[in-house]
Amino acid sequence: MGKLRVMAPVGDRTVTWDRERAEVGDPEAREAVREAERIFEEQRKRGAVGFKVGPDRVAERIDRFEPEAAEIVMVPRIVGG
Amino acid sequence: MTTGTVDTPVLLWVLLTVLFVRLVAGVTVRFTPSRRNPACPATQQRVEAERRAERLLQEVLPAGEYEQLCLRGYIETRSGSVPDRVYRISRYPEGVTIYEGGRYVGSLCAVPIEELPSGDIVLMHKLMLSANEDEYLGVAHRLR
């Protein structure tokens, strides 16, 4: 499963999609991928930054949605405190 | 001037002290977090937000780092651009401190534009410093 997690005041909002089914063209899975991509782009427009993450990998910043990613975390825009 | 066997000024001081202590105790009790009603929906929402953030932190941090955070209250990440620099990310209000060659050299202050649970704040610093260091340094205020 692919996961997009968007940090928020009430705790992260999570959207999931079935990567394998999306790859073989399953309509429902592809719709889930499109929704995750829409949310990713919406957050980017608000200044959020996306990172590909995992416990066994170094975090990597991404500027475009990657449906093959296992997990993406979106961090809101930051400002100097 | 005395009242019976007690000086009036002494009596006044005692009375003022008692009133002051009661005033401070009353203010403290009113604003003590433990007085927050756990049944209040806003409190429950906050507790749930903190729980979700903690779970996300556990899932994303590399092996051993979450344990270090629990034991020491901070995690560290090496700078990708400055040799011998380490950022210490604290769970508590200390935020991010900078060490170079093992010596403290300053602090960084950066906050998200919307309020986040404390676990998400730690993860925010970690991800930004690990994989988006230049942008983070361009935004954060450097203290000292």
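See above for the structure.
Summarised in this report is the structure supplied together with it.

What counts, and where the lines are drawn
- Residues numbered from 1 in each chain as written.
- Chains lettered and ligands numbered in written order.
- Predicted model: local features only at pLDDT ≥ 70, side-chain atom pairs only at ≥ 80, totals over all residues.
- Heavy atoms only, no water.
- Pairing = 2+ DSSP bridges.
- Helix = DSSP H or I, 4+ residues; strand = E, 2+ residues; numbered from the N terminus.
- Axes fitted to C-alpha atoms, helices over the stretch in contact; angles between N-to-C directions.
- Contact = heavy atoms within 4.5 Å.
- Expected span 1.5 Å × (residues − 1).
- Buried < 20%, exposed > 50% of the residue type's maximum accessible area, 1.4 Å probe, protein only.
- Arc of directions from axis to C-beta.
- Polar contact = N/O pair within 3.5 Å; in protein donor to acceptor, adjacent residues only side chain to side chain.
- Core = buried A, V, L, I, M, F, W, Y, C linked by side-chain atoms within 4.5 Å.

For the rest of this paragraph, the subject is the sheet that holds strand 2 (residues 13–17) of chain A. Strand order across the open sheet formed by five strands is 2-1-5-3-4 (chain A), with mixed pairing between neighbours. Each edge of the open sheet carries a strand with a single partner, namely strand 2 and strand 4 (60–62) of chain A. With strand direction ignored, the average angle separating the axes of adjacent strands in the sheet is 25°. In this sheet, strand 2 of chain A lies alongside strand 1 (residues 2–6) of chain A in antiparallel orientation, the contact comprising five bridges. Residue pairing for strand 2 of chain A: A:Val6 is matched across the bridge by A:Arg13. The sheet contacts of helix 2 (residues 41–60) of chain B involve strand 1, strand 2 and strand 5 (71–75) of chain A, and relative to strand 5 of chain A the element is tilted by about 130°.

What follows covers helix 2 (residues 27–45) of chain A. Residues and elements named next belong to chain A. Under the 1.5 Å per step criterion, the end-to-end length of helix 2 is 27 Å for 19 residues, consistent within 8% with the ideal 27 Å. Of all the residues in helix 2, the buried ones are Ala29, Val33, Ala36, Ile39, Phe40 and Gln43. Down the axis, helix 2 shows its buried residues gathered within 125° of arc, on one side only. Exposed residues on helix 2 whose side chains face more than 90 degrees from its buried face are Pro27 and Lys45. Measuring from the backbone nitrogen of glutamate 28 back to the side-chain oxygen at the start of helix 2 gives 3.1 Å, which picks out aspartate 26 as the cap. Glycine 47 sits one or two positions beyond helix 2 and adopts a positive phi of about 95°.

Below, the discussion takes up the nonpolar core. Counting residues in each nonpolar core, the largest one holds 31 residues, and the members touching the most others are B:Leu127, B:Met128 and B:Tyr136. Of all the secondary structure elements, the ones that give two or more residues to this core are strand 3 (49–52) and strand 5 of chain A together with helix 2, helix 3 (65–72), strand 4 (85–90), strand 5 (96–100), strand 6 (103–112) and helix 4 (118–131) of chain B. Ranked by residues supplied to this core, first place goes to helix 4 of chain B with six residues. Contacts of B:Tyr136, omitting those with residues within four sequence positions, involve A:Ile78, B:Val96, B:Leu108, B:Ala110, B:His125, B:Met128 and B:Leu129. In terms of nonpolar packing, the next biggest core, distinct from the first, is built from 16 residues, A:Phe40, A:Ile62, A:Ala69 and A:Ile72 among them.

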